[in-house]
Amino acid sequence: MAQHRVDEAEFSCSVCLDLLKDPVTIPCGHSYCMNCIKTHWDGEENRKIYSCPQCRQTFTARPVLVKNTMLAVLVEELKKTGLQAAPADHCYAGPEDVACDVCTGRQMKAFKSCLVCLASYCEKHLQTHFISSAFETHKLVEPSKKLQENICSRHDEVMKMFCRTDQQSICYLCSVDEHKGHDTVSAAAERTERQRELEVSRQNIQQRIQDREKDVKLLQQEVEAINQSADLTVEHSEKIFTELIHLIQKRSSDVKQQIRSQQETEVSRVKELEEKLEQEITELKRKDAELKQLSHTEDHIQFLHNYPSLSALSESTDSSSINIRPLSYFEDVTAAVSEVRDKLQDILREEWTNISLTVTEVDVLLSDPPEPKTRAGFLKYSCEITLDPNTANTYLLLSEGNRKVRVKPIHMFFSDHPDRLSEMWQVLSRESLTGRCYWEVEWRRGGVCVAVAYKNISRAGRGNESGFGHNDKSWSLDCNNNSYTFRYNNIQTRVSGPRSSRVGVYLDHRAGILSFYSVSETMTLLHRVQTTFTQPLYAGLWVYVHGDTAELIKVK
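Think of each chain on its own: its residues are numbered from 1, step by step along the sequence as written. For a predicted model such as this one, the threshold for reporting local features is a pLDDT of at least 70, and the threshold for listing and counting side-chain atom pairs is 80 or more; totals across whole chains, interfaces and linings nevertheless cover every residue. Each side-chain value is worked out from all heavy atoms of the structure, with water and hydrogens disregarded.

Asks: In this structure, what is going on with the sheet that holds strand β16 (residues 474-480)? I would like to understand it.
Replies: As a general point, the strands of a sheet are linked pairwise by backbone hydrogen bonds and lie either parallel or antiparallel. One open sheet holds the six strands; their spatial order is β13-β22-β15-β16-β17-β18, and the pairing between them is antiparallel. Where the open sheet ends on each side, the last strands, each with one partner, are β13 (426-433) and β18 (491-495). Averaged over all neighbouring strand pairs, the angle between strand axes comes to 20°, with direction disregarded. Here, a strand pair is defined by DSSP locating no fewer than two bridges between the strands. Helix and strand labels come from DSSP, where a helix needs a run of H or I of at least four residues and a strand needs a run of E of at least two; each type is numbered from the N terminus. Of the strand pairs in this sheet, β16 and strand β17 (residues 484-488) are connected by five bridges, and their pairing is antiparallel. When the bridges of β17 are listed, L477 appears paired with F486. To obtain an axis, a line is fitted to C-alpha atoms, over the contacting stretch when the element is a helix, and the angle between two such axes runs from 0 to 180 degrees between their N-to-C directions.

Asks: Looking at this structure, I do not really get the pairing of strand β14 (residues 436-444). What am I missing?
Replies: A regular strand places its side chains on the two faces of the sheet in alternate fashion. Counting buried positions over the nine residues of β14 gives seven, a clear majority of the element. Across seven bridges, the pairing between β14 and strand β19 (residues 502-508) is antiparallel. Bridge pairing links V441 to V503 in β19. Here five bridges tie β14 to strand β23 (residues 549-553), and the two strands are oriented antiparallel to one another. Summary of the burial criterion: residues with accessible area below 20% of their type's maximum are buried, those above 50% are exposed, and those between are partly exposed, where the area comes from a 1.4 Å probe applied to protein chains only.

Asks: Could you clarify how one ought to interpret the side chain of S500 in this entry?
Replies: Turning to its location among the elements, S500 is positioned in the loop between β18 and β19. Polar contact is the term for a pair of N or O atoms within 3.5 Å; when the atoms are in protein, one must be able to donate a hydrogen and the other to accept it, and sequence-neighboring residues count only if both atoms are side-chain atoms. A distance of 3.2 Å separates a polar atom in the side chain of S500 from the backbone nitrogen of R502. By definition, residues are in contact when any of their heavy atoms lie within 4.5 Å. In contact with S500, not counting residues within four places along its chain, are W443, Y484, S518, V519 and S520.

Asks: What is the right way to read the packing of aromatic side chains from this model?
Replies: A ring pair, where both rings are aromatic, is described by two values, the distance of the centres and the angle of the planes. When two rings of Phe, Tyr or Trp (its six-membered ring) have centres within 6.5 Å they constitute a pair, described as stacked for plane angles under 30 degrees, edge-to-face for angles over 60, and tilted for the intermediate range. All chains considered together, the criterion is met by 13 aromatic pairs. Judged by centre distance (5.1 Å) and plane angle (85°), the rings of W475 and F533 are edge-to-face. With W475 in strand β16 and F533 in the loop between β21 (523-530) and β22 (537-543), this pair connects stretches of sequence that are 58 residues apart. Of the two residues examined, W475 and F533, each falls in the buried class. Here W542 and Y544 contribute two aromatic rings whose centre-to-centre distance is 5.4 Å and whose plane-to-plane angle is 55°, an arrangement assigned as tilted. Assessed through its relative accessible area of 12%, W542 is described here as buried. Aromatic ring contacts, followed pair by pair, group F378, Y381, Y438, Y506 and Y517 into a single cluster. Over the ring of Y92 we find R106; its NZ or CZ atom is 3.9 Å from the centre of that ring. Whether a charge sits over a ring comes down to the Lys NZ or Arg CZ being within 6 Å of the ring centre and within 35 degrees of the ring normal. The ring of F111 has K112 sitting right over it, with the charged end atom 5.9 Å from the ring centre.

Asks: What is the right way to look at the pattern of salt bridges in this model?
Replies: Pairing between side chains of opposite charge can happen when the charged atoms of each approach one another. Basic side-chain nitrogens of Lys or Arg form a salt bridge, by our definition, when they fall within 4 Å of a carboxyl oxygen of Asp or Glu. One pass over the full model with this rule turns up 26 salt bridges. Between K250 and D254 there is a salt bridge whose closest N-O contact spans 3.3 Å. Placement of the pair is K250 and D254 together in helix α5 (residues 187-295), with a separation of four residues, close to one helical turn. Residue classification places D254 among the partly exposed positions, given a relative accessible area of 25%.

Asks: Teacher, can you tell me more about helix α1 (residues 34-42) here?
Replies: Every α-helix winds through 3.6 residues per turn, so residues three or four apart in the chain are directed the same way. For α1, the complete set of buried residues consists of M34, C36, I37, H40 and W41. Projected onto a plane normal to the axis of α1, the buried residues spread over an arc of 165° and lie on a single side. Of the exposed residues in α1, those oriented more than 90 degrees away from the buried face are N35 and T39. The elements touched by buried residues of α1 are β1 (23-25), β2 (31-33), β3 (50-51), β4 (58-59) and α3 (127-131). The directions considered for the arc run from the helix axis to the C-beta atoms.

Asks: What am I meant to see in the state of the cysteines here?
Replies: Covalently bonding the sulfur atom of one cysteine to the sulfur atom of another cysteine gives a disulfide. Any pair of cysteine sulfurs within 2.5 Å is marked as a disulfide. Within the structure shown, the criterion is met by zero disulfides. Cysteine C449 remains unbridged, with the sulfur of C479 as its closest cysteine sulfur at 7.6 Å. We classify C449 as buried; its relative accessible area is 0%.

Asks: Just checking my understanding: could you explain the pairing of β19 for this structure?
Replies: A large share of β19 lies buried, amounting to seven of its seven residues. Of the two faces of β19, the one lined by R502, G504, Y506 and D508 and the one lined by V503, V505 and L507 are each fully buried. The pairing of β19 with strand β20 (residues 513-519) spans six bridges and is classified as antiparallel. When the sheet's bridge partners are listed, G504 is paired in β20 with Y517. The hairpin turn running from β19 into β20, its antiparallel successor, is four residues long, and G512 in that turn takes a positive phi close to 75°.

Asks: Looking at this structure, how should I read a nonpolar patch on the surface?
Replies: Patch membership is restricted to residues that have no salt bridge and whose relative accessible area is over 30%. Joining uses 9 Å for like charges and 5 Å for the nonpolar side chains Val, Leu, Ile, Met, Phe, Trp and Tyr. Note on areas: Shrake-Rupley with a 1.4 Å probe; residue coverage comes only from the protein chains shown. A surface patch of nonpolar side chains, amounting to about 590 Å² of accessible area, comprises I240, F241, L244, L247, W352 and I355. Broken down by element, the residue count for the nonpolar patch peaks at four residues, all from α5. By relative accessible area, which is 38% here, I355 ends up partly exposed.

Asks: What's the story with α5 in this structure? I'm lost.
Replies: Given the number of residues in a helix, its expected span is that number minus one, multiplied by 1.5 Å. Helix length check: α5, at 109 residues, gives a terminal C-alpha distance of 154 Å against a target of 162 Å (1.5 Å per residue), a fit within 8%. Along α5, the residues that are buried comprise E190, E280, K287 and L294. Looking at the buried positions of α5, the neighbouring elements they touch are β8 (161-163), β10 (184-186) and α6 (300-311).

Asks: Where do I start with unusual backbone geometry in this structure?
Replies: Most of the time, phi is negative for any residue but glycine, and the peptide bond is trans. Even without a glycine there, the phi angle at L118 is positive, about 55°. Considering the arrangement of structural elements, one finds L118 in the loop between β5 (112-114) and β6 (119-121). L118 sits in the buried class, given a relative accessible area of 14%. Positive phi values are uncommon outside glycine, yet N402 reaches one of about 60°. Considering the arrangement of structural elements, one finds N402 in the loop between β11 (396-399) and β12 (404-407).

So, in structure tokens, the structure goes:
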């Protein structure tokens, strides 16, 4: 069994630094020789406050001292056995540690450094700083190897002042010598000032850390969203192209089947005609043989008797219908298929350009570009939008390539469609809007509601759920000859601005910006929305009065 090793310091009085004599334990838990603690408290009698020499805990009433018999027994045992253990190796100072300046021989690790003494002390030799009142004003800090840096190299004095003019620490003699007339303060005062600045700097740094952590989190979410969107798009694209391939393969199979079927029909027809011709040839050869035999008959009467029956020929197969076109029977089919191929190539070439541009427009910007300031700047984001007939109310007439809408006095007979806006005189665009887009609406007569909406806006009913601007799925600007009114979620906001029959709409879907402008010779901002769009948007028009028109203008 390993022998328990006891350190004598554990049973030493921190006042006399010797083994405890008549040990007593005070309320804070520290133990002293009875005479040592009595003497210490006698010196504090005038102040009527009694403190622990080690932890400095104070007691308003002088504690009653009672001998700690158990501790006394342990001390006596220690004296008898002389059992002392050297400090553990980790208590001694190593090359990287601050050593006690008082220890002789192998030095112990310093427990504290004193900025007044400019010395470092182990726990044992530090006790005098706790016991003697002469050390009460000394400043103890964590062990430091840089205490000599606090000494003025010119005057060999402790530097307790700071020259703000030269931004350096100085001693008292420096302040009356080469730094005379400078803005000097105590090192403590400068520390207090710098501490305030430090706290402000830390607050700023902590705020920036929080901001950057939020940014990092947003970027991580962005990466996840990009990956999910890309994976989903690849999956959908592969599915669509696979469907196209299957469709082409089916059409190829259908054409092949039709060709083979027609081939069989035509070959059968030709074979049938061939058999008839072969039969006719056989019959003609037989007739020719009979006529040849008749021509060799020497009996004139017999010749004349048989000639009428032998000379009569059966009706010949009409060969004028046979029109031989060598190697040109199915060339028209080949040409038709080739034409389809060429058209598909043209479509794919065209649409591939659009697809490629759409892919490259998917950008993740750490900071979105500012909203344009001029119409020319807005036109960089102009997009051609058409109205979707499947969404148009039955009282609306679309024209100009589905860019213009007008209210008719009687409703139009449109086929039923789940996307049709059945009650309000409204219509949505065919194209979905994401990214940065700009378009202009020109209206005539009474007025128009220019809007954007999510695709899942209600299509039926006269309630708020289907009217542009009357729900949380659409944003609208009502325009008439007298005023502008912005609406969202059935909340109205009166808008002031110059009257114009043309309104410009700017959308930055990613940044959540929707702006309406009055467009004339100049552009004037009417209203701007800053929000978060969770779905693609669709441009919308709501015409109020019979005969009123609104048109999505082709801007250049």
